[in-house]
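# Survey of secondary and tertiary structure
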Amino acid sequence: MAMLAAAAEEAVTTMPEALVNTLLGMGTVFCVLILISFIIYLLGFVPDLLNGSKKQKQAVQLAENRKQSAPAPNPVSKPAPAPAPVLSKPADDTQIVAVITAAIMAAMEQEGTPVPADGLVIRSIKKRF
């Protein structure tokens, strides 16, 4: 029994020792999490590295094809005709609205969203340039 009492007294951990153990464990986990997030960040560059050599080969092939298929320059060239003036007349928006409505209905059918039987009501269409 004396040995059990002595072993129990030696195994007692003080509060500062427990705090150090806790901080070491939490610090280790935190460092590993940072390392994992950095590895995940670096994985974003892998497709660019793999496709980079393919893009370079394609660019070289494209340049060679252009050189081979380029026509010989004509010594005498005619000046290009002046472009026709563009007359801006008020556009009839009914065709545009019909095309947009048809596109919306097709997209809704493709997604499986029920399309109303009486049609869609387009309240406003904003042109963005």
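Preceding this section is the structure that the text describes.
Here's what I pulled together on the structure shown here. Note that the structure is predicted; figures quoted are calculated from it, not measured.

Quick notes on the rules
- Residues numbered from 1 in each chain as written.
- Predicted model: local features only at pLDDT ≥ 70, side-chain atom pairs only at ≥ 80, totals over all residues.
- Heavy atoms only, no water.
- Helix = DSSP H or I, 4+ residues; strand = E, 2+ residues; numbered from the N terminus.
- Buried < 20%, exposed > 50% of the residue type's maximum accessible area, 1.4 Å probe, protein only.
- Areas by Shrake-Rupley, 256 points an atom, 1.4 Å probe, with all protein chains shown as cover.
- Phe/Tyr/Trp six-rings, centres within 6.5 Å; stacked < 30°, edge-to-face > 60°.
- Patch = residues over 30% accessible without salt bridge, like charges linked within 9 Å, V, L, I, M, F, W, Y side chains within 5 Å.
- Salt bridge = Lys/Arg side-chain N within 4 Å of Asp/Glu carboxyl O.
- Contact = heavy atoms within 4.5 Å.
- Expected span 1.5 Å × (residues − 1).

### Some words on the overall build of the protein chain
- In terms of helices and strands, the protein chain carries 4 helices and 0 strands.
- What you see in the protein chain, going N to C, is helices and strands ordered as α-α-α-α.
- Scored against the burial criterion, the 129 residues of the protein chain give a buried share of 2%.
- Summed over all atoms, the accessible surface of the protein chain reaches about 12600 Å², with 67% contributed by carbon and sulfur.

### Focus: the packing of aromatic side chains
- On inspection of all chains with the given rule, the structure shows 1 aromatic pair.
- Their ring planes at 85° and their centres at 5.4 Å tell us that tyrosine 41 and phenylalanine 45 sit as a pair that is edge-to-face.
- Overall, the relative accessible area of 52% leaves tyrosine 41 in the exposed class.

### Some words on a nonpolar patch on the surface
- A grouping of Val29, Val32, Leu33, Leu35, Ile36, Ile39, Ile40, Leu43, Val46 and Leu50 is seen on the molecular surface, where their side chains present a nonpolar patch of about 910 Å² in accessible area.
- With 8 residues, the top contributor of residues to the nonpolar patch is helix 2 (residues 15-43).
- Topologically, isoleucine 36 is positioned in helix 2.

### Details of the environment of methionine 108
- By the secondary structure assignment, methionine 108 is in helix 4 (residues 94-111).
- Apart from residues lying up to four places away in sequence, methionine 108 is in contact with Thr113, Pro114, Val115, Pro116 and Leu120.

### What about helix 4?
- Relative to the 26 Å expected for 18 residues at 1.5 Å per residue, helix 4 spans 26 Å between its end C-alpha atoms, a close match to the ideal helical length.
- Glycine 112 lies just past helix 4 and shows a positive phi near 90°.

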